[in-house]
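Now for the letters of each chain:
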Amino acid sequence: NIFRLSGDLSHLLAICLLLWKIWKSRSCAGLSGKSQILFALVFITRYLDLFTTFVSAYNTSMKIIYIAASSFTVFLIFYKFKATYDGNHDTFRVEFLLVPVAGLSVLVNHELSVMEVLWTFSIYLESVAILPQLFMINKTGEAESITSHYLFAQGLYRGLYIFNWVYRYYTEAFFDLIAIVAGCVQTALYCDFFYLY
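Residues numbered from 1 in each chain as written. Predicted model: local features only at pLDDT ≥ 70, side-chain atom pairs only at ≥ 80, totals over all residues. Heavy atoms only, no water.

A.B. asks: Is there a simple way to explain the packing of helix H2 (residues 33–46) against helix H3 (residues 57–80) in this structure?
C.D. replies: Between two packed helices, what matters for the description is the angle formed by their axes and the separation of those axes. Orientation of H2 relative to H3, taken along the N-to-C sense of each, is 155°, at an axis distance of 9 Å. With respect to their mutual orientation, H2 and H3 come out roughly antiparallel. Judged by the sense of rotation from one axis to the other, the crossing of H2 with H3 is left-handed. Two secondary-structure elements touch here, H2 through Gly 33, Lys 34, Gln 36, Ile 37, Phe 39, Ala 40, Phe 43 and Ile 44 and H3 through Tyr 66, Ile 67, Ser 70, Ser 71, Thr 73, Val 74, Ile 77 and Phe 78. Classifying every residue of the contact of H2 with H3 by side-chain character gives 10 nonpolar, 5 polar and 1 charged. (Axes fitted to C-alpha atoms, helices over the stretch in contact; angles between N-to-C directions. Helix = DSSP H or I, 4+ residues; strand = E, 2+ residues; numbered from the N terminus. Parallel < 35°, antiparallel > 145°, perpendicular 65-115°, else oblique. Left-handed = near helix turned anticlockwise from the far one by under 90°. Contact = heavy atoms within 4.5 Å. Nonpolar A, V, L, I, M, F, W, Y, C, P; charged D, E, K, R; others polar.)

Written out as structure tokens, the structure reads:
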């Protein structure tokens with residue numbers, strides 16, 4: 001549907017903006033490496049079914065792009081442009097996200113299987129993975145315009161996915177409470193950023 005496709009394209013735009021910013025400026029200043037590690041973990045745990053389930057060429061391509069792009073972003077931040085990474089301001093304690101998310105994904109999921117728990121973990125983690133970036137912006141008191149554009153495109157992706165869920169509910173009678181609640185939490189975090197900046 002148009003909302004899901006637009007959301008996917010907005011998400012892809014966000015990733016491309018981020019990679020373009022890092023590559024063009026040859027710097028990862030202002031970016032939270034911790035958020036990017038969390039996003040890489042989101043995509044790796046969510047798309048493990050890449051090896052077991054084929055939905056469509058589009059679906060498979062997007063999974064590969066998300067895993068590769070997020071992994072490449074982490075590589076750029078921690079290896080290629082490591083000298084420009086501001087670890088002194090990227091101080092969010094990610095264990096305060098990882099431990100509760102891991103516990104919740106074991107307790108609240110659709111089915112207690114490894115693939116389902118990892119998928120659920122990725123959904124919960126994605127909803128809060130931006131917190132280290134927002135914490136860093138709050139700590140430094142500034143967000144570069146490209147970082148703001150990246151965050152706007154990420155927020156737009158989430159907002160469009162809310163419309164996707166509404167559309168799917170009315171056209172397919174599809175309702176996934178886990179994805180909807182986590183997506184609304186994530187959208188609220190982005191709205192907070194938009195309100196402040």
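Anyway, onward from the coordinates.
A.B. asks: Looking at this structure, I do not really get helix H5 (residues 114–128). What am I missing?
C.D. replies: The periodicity of an α-helix, 3.6 residues per turn, causes residues three or four positions apart to be oriented the same way. An ideal rise of 1.5 Å per residue puts 21 Å on 15 residues; H5 measures up with 22 Å between its terminal C-alpha atoms. Taking burial as the measure, the 15 residues of H5 include 11 buried ones, the bulk of the element. Residues of H5 that are buried: Glu 116, Val 117, Thr 120, Phe 121, Ser 122, Ile 123, Tyr 124, Leu 125, Glu 126, Ser 127 and Val 128. (Expected span 1.5 Å × (residues − 1). Buried < 20%, exposed > 50% of the residue type's maximum accessible area, 1.4 Å probe, protein only.)

A.B. asks: Looking at this model, I keep getting lost on the state of the cysteines. Mind explaining?
C.D. replies: When the sulfur atoms of two cysteines share a covalent bond, that bond is a disulfide. By the definition in use, this model includes 0 disulfides. In this model Cys 16 remains outside any disulfide bridge; the closest cysteine sulfur is found in Cys 28, 18 Å from its own. Residue Cys 191 stays outside any disulfide, its sulfur separated by 9.9 Å from that of Cys 184, the closest cysteine. (Disulfide = S-S within 2.5 Å.)

A.B. asks: Even after reading the chapter, I still don't get a nonpolar patch on the surface, so can you show me in this structure?
C.D. replies: Taken together, the side chains of Val 166, Tyr 169, Tyr 170, Phe 175, Leu 177, Val 181 and Val 185 define a hydrophobic patch exposed on the protein surface, amounting to about 730 Å² of accessible area. Where the nonpolar patch is concerned, the elements lending two or more residues are helix H7 (145–172) and helix H8 (177–196). Locating Val 166 in the fold gives a position in helix H7. (Patch = residues over 30% accessible without salt bridge, like charges linked within 9 Å, V, L, I, M, F, W, Y side chains within 5 Å. Areas by Shrake-Rupley, 256 points an atom, 1.4 Å probe, with all protein chains shown as cover. Salt bridge = Lys/Arg side-chain N within 4 Å of Asp/Glu carboxyl O.)

A.B. asks: Even after reading the chapter, I still don't get the side chain of Thr 45, so can you show me in this structure?
C.D. replies: Within the fold, Thr 45 resides in helix H2. Here Thr 45 falls in the buried class, since its relative accessible area comes to 9%. Among the polar contacts listed, one links the side chain of Thr 45 to the backbone oxygen of Leu 41, at a separation of 2.8 Å. Here Val 42 takes part through its backbone oxygen, which lies 3.2 Å from a polar atom of the side chain of Thr 45. (Polar contact = N/O pair within 3.5 Å; in protein donor to acceptor, adjacent residues only side chain to side chain.)

A.B. asks: Got a minute to help me understand the packing of aromatic side chains in this structure?
C.D. replies: What characterises a pair of aromatic rings is the spacing of the ring centres plus the angle enclosed by the ring planes. Overall, the coordinates contain 14 aromatic pairs when judged by the stated rule. Both rings, one in Tyr 157 and one in Tyr 161, keep their centres 5.3 Å apart while their planes meet at 65°; by these two values the pair is edge-to-face. With a gap of 4 residues between them, Tyr 157 and Tyr 161 both fall in helix H7, about one helical turn apart. Exposure remark for Tyr 157: the relative accessible area of 4% places this residue in the buried category. According to the relative accessible area criterion, Tyr 161 is buried, its value standing at 12%. A centroid spacing of 6.3 Å and a plane angle of 80° characterise the contact between Tyr 161 and Trp 165, whose relative ring orientation is edge-to-face. (Phe/Tyr/Trp six-rings, centres within 6.5 Å; stacked < 30°, edge-to-face > 60°.)

A.B. asks: What exactly am I supposed to notice about the nonpolar core here?
C.D. replies: Side chains of nonpolar character tend, in soluble globular proteins, to be buried together. Ranked by size, the top nonpolar core spans 40 residues in total, and within it Ile 22, Phe 39, Tyr 66, Leu 125, Ile 130, Tyr 150 and Leu 151 carry the most contacts. Elements represented by at least two residues in this core include exactly helix H1 (2–25), H2, H3, helix H4 (95–107), H5, helix H6 (131–140), H7 and H8. If one sorts the elements of this core by residue count, H1 sits on top with 6 residues. Setting aside residues up to four positions removed in sequence, Leu 151 forms contacts with Ile 130, Gln 133, Leu 134, Ile 137, Tyr 190, Phe 193 and Phe 194. (Core = buried A, V, L, I, M, F, W, Y, C linked by side-chain atoms within 4.5 Å.)

A.B. asks: What should I look at first to understand the side chain of Lys 63 in this one?
C.D. replies: Within the secondary structure, Lys 63 is located in helix H3. The class for Lys 63 is buried, based on a relative accessible area of 6%. At 2.9 Å, the side chain of Lys 63 and the side chain of Asp 49 are in polar contact. Excluding its chain neighbours within four sequence positions, the residues that come into contact with Lys 63 are Tyr 47, Asp 49 and Leu 50.

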